[in-house]
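Working through the structure, step by step
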Amino acid sequence: MPLALLALAVGAFGIGTTEFVMMGLLPDVADDLNISIPSAGHLVSAYALGVVIGAPLLAAVTAKMSRRTVLTGLMGLFVVGNALSALAPDNGWLLAARFLSGLPHGAFFGVGAVVATSMVAPERKARSVSLMFLGLTIANVAGVPVATLMGQHLGWRATFLGVSAIGLVAIAALALLIPQDHEHATAKGLRGELAALSSLPVWLSLGTTVAGFGALFSAYSYITPMLTDAAGYADASVTLLLALFGVGATAGNLLGGRMADHSLRGTLFGCLASLVVVLALFPLLMRTEVTAAVAVILLGLTAFATGSPLQLMVMEKASSAPSLASSANQAAFNLANAGGAWIGGLALAAGFGVTSPALTGVALAVLGLAVASLAYAVDRRRAPATGRERIVASHVPQEAEPVHH
């Protein structure tokens, strides 16, 4: 695998850290800025809104730029956003800075996935994407806990300065390691990029992402009360258990990438079905501390094993505009985050029990399977199967390498 993937992983590590660390810093930020915890929670939403808006927008408007320039520019915006977060004098400025920090998130992963797949042989494309995403999953294991401790001992502003430093390292790595012969993007322009997203298969792929990852966040958003109220863990143990989730997510990410290189759609169907089973067993597994820990690991493993297949599926269906489609998939991921948490919260509010969000996750995962099945049926109807599914290298013109659905 090319060393350039390390540069993408470093950027992903910084992005993953700044995205998730705010959850652990909410009390500190609220106290320092004299706002309530719910008001501080809007800082999480501001970041997610930045991702949803910035992912397709920045990917589209930078379509004619070299991808190395785009990636370094996005990380520069990331550094500025986090530095402004550290210097924000009040909640309003911090909200704006968090929104700015979220803008480059989706486009970085979208363009990065295209660069990663363009540098490897066809049989290694999914693995190349999973190695870039490795930075994101490792952030949950190491980056977020360390950044949270830094914020608790040195102040939350120090955390965002530290994340800015990670961004500077990523910029240097991207400039040095992204090869010159893989930097040129297609020059279709904004209209051409948007036209590539108009097909039904692309939207069905994005819908699978929303439903599939919505299933994850329906349960994961309320994992702390499940662990404390149902499994009987002390509050102090939750941080370690969330790190176990990160371990499962890291393993699932790598496993999903390897399996998807052999069978993209088979991996997607298998992982979604496994997620249905794990979430359905949650009410039983949350009855003891040992089985609850196993459930947390399995949740991370089965959910993140779908990450690379979904990313590659969207890129294949919009092969003439892979950067925009790949970035749009990141926006779909964040919509899944917000929507899944909202749906899981409805089950809790209705009084169905502390583990009920996992069962709403089952419904969402089944919906994801249904949408993926519909996408498969549409593909079969549009063109007969011609063998093993292929992922088109983004830097090769479509005329030179036709897409086989």
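Not measured: the values here are computed from a predicted model.

Cut-off values and rules
Residues numbered from 1 in each chain as written. Predicted model: local features only at pLDDT ≥ 70, side-chain atom pairs only at ≥ 80, totals over all residues. Heavy atoms only, no water. Axes fitted to C-alpha atoms, helices over the stretch in contact; angles between N-to-C directions. Helix = DSSP H or I, 4+ residues; strand = E, 2+ residues; numbered from the N terminus. Parallel < 35°, antiparallel > 145°, perpendicular 65-115°, else oblique. Left-handed = near helix turned anticlockwise from the far one by under 90°. Contact = heavy atoms within 4.5 Å. Nonpolar A, V, L, I, M, F, W, Y, C, P; charged D, E, K, R; others polar. 1 Å grid on protein atoms, 1.4 Å probe; cavity = no way out; pocket = protein on both sides within 12 Å on 5 of 7 lines; lining within 4 Å. Points joined across faces, edges and corners; volume = space filled by probe spheres on them. pLDDT = per-residue confidence, 0-100. Buried < 20%, exposed > 50% of the residue type's maximum accessible area, 1.4 Å probe, protein only. Polar contact = N/O pair within 3.5 Å; in protein donor to acceptor, adjacent residues only side chain to side chain. Core = buried A, V, L, I, M, F, W, Y, C linked by side-chain atoms within 4.5 Å.

1. Comments concerning the packing of helix α8 (residues 200-220) against helix α14 (residues 322-349)
Interhelical geometry of α8 versus α14 gives an angle of 40° and a closest axis separation of 7 Å. Compared by their axis directions, α8 and α14 come out oblique. The way α8 lies across α14 gives a crossing that is right-handed. Taken together, the residues of α14 that come into contact with α8 (itself represented by Leu206, Thr209, Val210, Phe213, Gly214, Phe217 and Ser218) are Ala325, Ala328, Asn329, Ala332, Phe333, Ala336, Asn337, Gly340, Ala341 and Gly344. Here the contact of α8 with α14 is composed, by residue class, of ten nonpolar, seven polar and no charged.

2. A word on empty space enclosed by the protein
Throughout the structure, instances matching the rule amount to four cavities of 30 Å³ or more. Along the walls of the largest cavity sit 13 residues, with Phe133, Phe213, Gly307, Gln330 and Phe333 positioned nearest its centre. Listed by contribution, the elements that provide at least two residues to the lining of the largest cavity are α5 (125-154), α8, α13 (307-317) and α14. Of the residues belonging to the lining of the largest cavity, the class tally is six nonpolar, seven polar and no charged.

3. Here's the deal with the confidence of the model for the protein
Taken as a whole, the protein shows an average pLDDT of 84; of its residues, 89% reach a score of 70 or greater. In the predicted structure, residues 385-405 sits below a pLDDT of 50 and forms 44 contacts with residues beyond four places in sequence or in another chain.

4. A closer look at the environment of Gly232
Note on placement: Gly232 falls in the loop between α9 (223-230) and α10 (238-260). In this structure Gly232 comes out as partly exposed when scored by relative accessible area, which is 46%. Between the C-alpha atom of Gly232 and that of Met286, which follows or precedes it by 54 residues, the distance is 8.8 Å. Once you skip the residues sitting within four places of it in the chain, Gly232 turns out to touch Leu227 and Glu289.

5. Re the packing of helix α4 (residues 91-118) against α14
Taken N-terminus to C-terminus, the directions of α4 and α14 make an angle of 135°; their axes are 7 Å apart at the nearest point. Between α4 and α14, the angle falls in the class oblique. Crossing handedness for the pair α4 and α14: right-handed. Residues His105, Gly106, Ala107, Phe109, Gly110, Val111, Ala113 and Val114 of α4 form the contact with α14, whose participating residues are Pro322, Ser323, Ser326, Ser327, Gln330 and Asn334. Residues belonging to the contact of α4 with α14 are distributed by class as follows: six nonpolar, eight polar and no charged.

6. Points about the side chain of Asn82
Take Asn82: it is sitting in helix α3 (residues 67-87). Within the structure, Asn82 has its side chain in polar contact with the side chain of Thr18 (distance 2.6 Å).

7. Brief notes about the nonpolar core
Ranked by size, the top nonpolar core spans 78 residues in total, and within it Leu8, Leu216, Phe282, Met286 and Leu299 carry the most contacts. Looking at this core element by element, the count peaks at nine residues for helix α11 (residues 264-285). Contacts of Met286, omitting those with residues within four sequence positions, involve Ile223, Met226, Leu227, Ala230, Ala231, Ala292, Ala295, Val296 and Thr355. In this structure, Leu26, Ala30, Ala86 and Phe160 belong to the second largest nonpolar core, which totals 15 residues.

8. A short note on the layout of surface pockets
Any space left empty among the atoms is revealed by the rolling of a water-sized probe across them. The calculated volume of the largest pocket comes to roughly 1000 Å³. For the largest pocket, the lining is made up of 32 residues, of which Phe20, Met23, Gly24, Tyr220 and Leu242 are closest to its centre. When residues of the lining of the largest pocket are traced back to their parent elements, those giving at least two are α1 (4-33), α2 (37-61), α5, α8, α9, α10 and α14. For the lining of the largest pocket, the leading source of residues is α2, giving seven residues. Split by residue class, the lining of the largest pocket holds 20 nonpolar, eleven polar and one charged.

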